[in-house]
Amino acid sequence: MPLALLALAVGAFGIGTTEFVMMGLLPEVADDLHISIPVAGHLVSAYALGVVIGAPLLAAATARMSRRKVLIALMGLFVAGNALSAFAPDYHWLLAARFLSGLPHGAFFGVGAVVATGLVTPERKARSVSLMFLGLTVANIAGVPVATLMGQHLGWRATFLGVSAIGLAAIASLALLIPHDHAHAPKAGLRGELAALRSLPVWLALGTTVAGFGALFSAYSYITPMLTDSAGYADGSVTLLLALFGVGATAGNLLGGRLADHSLRGTLFSGLASLVAVLALFPVFMSTQWSAAVGVTLLGMAAFVTGSPLQLMVMEKASAAPSLASSANQAAFNLANAGGAWIGGLALAAGFGATSPAVAGAALAVLGLAVAATAYAVDRRRTLGTTSTPGRLIATHLPTHQESAHA
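Bear in mind the structure is a predicted one, so any value in this text is a computation, not a measurement.

Asker: Please explain the overall build of the chain as it appears in this structure.
Answerer: Looking only at helices and strands, the chain features 18 helices and zero strands. On C-alpha atoms alone, the chain measures out to a radius of gyration of 23 Å, which is about the 22 Å that the 2.2 N^0.38 rule sets for 407 residues. Expressed as lengths along the three principal axes of its C-alpha atoms, the size of the chain is roughly 95 × 50 × 35 Å. Counting all 407 residues of the chain, 52% fall into the buried class. Long-range contacts, defined here as pairs at least 24 residues apart, represent 84% of the contacts in the chain between residues at least 6 apart. Each charge class in the chain was averaged separately, 19 positive and 14 negative side chains, and the resulting centres sit 15 Å apart.

Here is the structure:
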């Protein structure tokens, strides 16, 4: 695999760290800015909103530019957003800085996926995407815990300065390792790129992302109360268990990339089916401490097996607009984050118990399987329609039995 993929992984590591670290720093931020924790929670939503808005807009705006320059510019915007977060004088400035930090997230992964697949042979495309995503999953093992500890001992502002430093390292590695390319025009122009997103297979692929990862976040958003209230872990043990989730996510990501190069849709169906099983069994996993640790690891593995296949499928379904479609998939991922957390919260508020968000997630994963099956049926119908068209055209030129008899 090309060394240039390492540069993409470094950028993904920084993005993954800043995306998830705020969840662990909410008490420190709330105390320092004299706001409540629920109000501080809006800082998480501001970042996600930046991703959803920035992903398609920045991908479309930079469609004619050199992808190498786009990646470096996006990482520069990422550094600026995190540096402004570190020096934000009050809550509202921090809210705006977090929104700014989220803007380049989706476009970076979208353009990065196109660059990654262009660096390798066709039979290694999924693996190249998984290696870029490796930075995101490793962030959950090392980046987020270390950044959280830094924020707790040195202050939350130090965390965002540290993330800015990671961004600067990513810029240096991108400039050094990503091959030079030329500004290019999209195959069908900007209007054609936007038109590519109107394709039903593209929307079905995006819908699978929303439902599948919504299933993950329905459970993961409330993993702490599950571990403490159901499995009986102390609060101080949760950080280590979340690192186990990162280990599972990293293993699943690498496995999914390797398997998807052999069978893209088979890997997607298997991953979603595994996610249904793990989430449905979560109440059993949470009954003891040792099984809870296993369950958290399996959750990360089952969810991230589908990451590379979904990213590659969206790009293939919108071949005329791969950067824009790939970025839109990242927006779908963050919609899944918000929507899954909301659905899991409904299950908790209804009084169904601490593990009910996982059961709700299992239902979402079933929905993801249904959407993926619908996408498969649509593809199969289109393929059969294409192959049968020549036969139908030939048949129209053959005389019918009655015409032959009349002649």
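Having seen the model, we can carry on.
Asker: Quick question: what am I supposed to make of the packing of aromatic side chains here?
Answerer: Two measures describe an aromatic ring pair: the distance that separates the ring centres and the angle between the ring planes. Summed over all chains, the structure comprises 10 aromatic pairs. Ring geometry for F213 against F304: centres 5.8 Å apart, planes inclined by 75°, an arrangement best described as edge-to-face. In this pair, F213 sits in helix α9 (residues 200-220) while F304 sits in helix α14 (residues 289-304), placing the two residues 91 residues apart along the sequence. F304 matches F213 in its accessibility class, with the two residues each being buried. Seen from their ring centres, F217 and F333 are 5.4 Å apart, and the 85° between their planes marks the pair as edge-to-face. Here F333 lies in helix α16 (residues 322-349) and F217 lies in helix α9, a separation of 116 residues in the sequence.

Asker: How should the pattern of salt bridges be read in this particular structure?
Answerer: Two side chains of opposite charge can pair, provided their charged atoms sit close to one another. If you walk through the whole model with that rule in mind, you get four salt bridges. Of the charged contacts in the structure, one is a salt bridge between D379 and R265, with a shortest N-O distance of 2.5 Å. Separated by 114 residues along the polypeptide, D379 in helix α17 (residues 356-396) and R265 in helix α12 (residues 264-280) bring together distant segments of the chain. Classification of D379 by relative accessible area gives buried; the value is 13%. The class for R265 is buried, based on a relative accessible area of 18%. Of the charged contacts, one joins K317 and D379 as a salt bridge, the two residues approaching to 2.6 Å between their closest N and O atoms. Placement of K317 in helix α15 (residues 307-317) and of D379 in helix α17 is noted, with a sequence separation of 62 residues between them.

Asker: Looking at this structure, I do not really get the environment of L255. What am I missing?
Answerer: Here L255 is to be found in helix α11 (residues 238-260). Note: C-alpha distance between L255 and S308 (53 residues apart in sequence) is 9.6 Å.

Asker: Help me understand empty space enclosed by the protein in this model?
Answerer: The rolling of a water-molecule-sized probe over the atoms marks out the regions of remaining empty space. Counting across every chain of the model gives two cavities of 30 Å³ or more. Reported here for the largest cavity is a volume of approximately 140 Å³. As for the largest cavity, its lining consists of 15 residues, of which F133, F213, G307, Q330 and F333 are closest to the centre. Elements with a contribution of two residues or more to the lining of the largest cavity: α5 (91-118), α6 (125-154), α9, α15 and α16. A total of three residues in the lining of the second largest cavity trace back to one element, the largest contributor, which is α9. For the lining of the second largest cavity, a count of residues per class yields six nonpolar, one polar and no charged.

Asker: Honestly, a nonpolar patch on the surface in this entry has me stumped. Any pointers?
Answerer: A contiguous nonpolar patch, built from L49, I53 and L57 and spanning about 280 Å² of accessible area, is present on the exposed surface. Relative to the elements of secondary structure, I53 occurs in helix α3 (residues 42-61).

Asker: Would you explain the side chain of N329 in this entry?
Answerer: Its location among the elements puts N329 in helix α16. With a relative accessible area of 3%, N329 lands in the buried category. Each residue touching N329, except ones within four places of it in the same chain, is listed here: L206, T209, L310, Q311 and V314.

Asker: Can you help me understand the nonpolar core in this one?
Answerer: Grouped burial of nonpolar side chains is what soluble globular proteins tend to show. L8, L216, F282, M286 and L299 are the most contacted members of the largest nonpolar core, which totals 91 residues. The biggest single contributor to this core is α9, with nine residues. Look past the residues within four positions of L299 in its chain and what remains in contact with it is L216, A219, F245, L275, V278, L279 and F282. Membership of the second largest hydrophobic core comes to 17 residues, among which are L25, A30, A88 and L94.

Thresholds applied
- Residue positions within a chain follow its written sequence, with the count starting from 1.
- Only residues with pLDDT of at least 70 get local features here, since the model is predicted, and only at 80 or more are side-chain atom pairs given and counted; chain-wide, interface and lining totals rely on the full set of residues.
- The basis for the side-chain values is all heavy atoms of the structure; hydrogens and waters are excluded.
- Put simply, DSSP marks the helices as runs of H or I at least four residues long and the strands as runs of E at least two long, and each gets a number from the N terminus on.
- Atoms considered for the radius of gyration are the C-alpha atoms alone. The globule rule reads 2.2 Å times the number of residues to the power 0.38.
- Under the scheme applied here, a residue whose accessible area is under 20% of the maximum for its type counts as buried, over 50% as exposed, and between as partly exposed, the area being computed with a 1.4 Å probe on protein chains only.
- Here, residues are in contact when the closest pair of their heavy atoms is within 4.5 Å.
- Residues scored as positive are Lys and Arg, those scored as negative are Asp and Glu, and His as well as the terminal groups of each chain are ignored.
- To locate a charge, take NZ of a lysine, CZ of an arginine, CG of an aspartate or CD of a glutamate.
- The criterion for an aromatic pair is that two Phe, Tyr or Trp rings (for Trp, the six-membered ring) have centres within 6.5 Å, with stacked assigned to planes under 30 degrees apart, edge-to-face to planes over 60 apart and tilted to the rest.
- By salt bridge we mean one thing: a side-chain nitrogen of Lys or Arg within 4 Å of a carboxyl oxygen of Asp or Glu.
- Points on a 1 Å grid over protein atoms alone make up a cavity when a 1.4 Å probe fits among them but cannot get out, and a pocket when they form an open set with protein on both sides within 12 Å along at least five of seven lines; lining residues each have an atom within 4 Å of a point.
- Grid points are joined across faces, edges and corners, and a volume is the space filled by probe spheres set on the points.
- Following the grouping adopted for this structure description, the nonpolar residues are Ala, Val, Leu, Ile, Met, Phe, Trp, Tyr, Cys and Pro, the charged ones are Asp, Glu, Lys and Arg, and the polar ones are all others, Gly among them.
- By definition, no residue in a patch forms a salt bridge, and every one has over 30% relative accessible area; like charges are joined within 9 Å, nonpolar side chains (Val, Leu, Ile, Met, Phe, Trp, Tyr) within 5 Å.
- Each accessible area is a Shrake-Rupley estimate made with a 1.4 Å probe; only the visible protein chains count as cover when residues are assessed.
- Definition of nonpolar core: a set of buried residues of the types Ala, Val, Leu, Ile, Met, Phe, Trp, Tyr and Cys, connected through side-chain atoms within 4.5 Å.

Geometric values such as these leave the question of function open.
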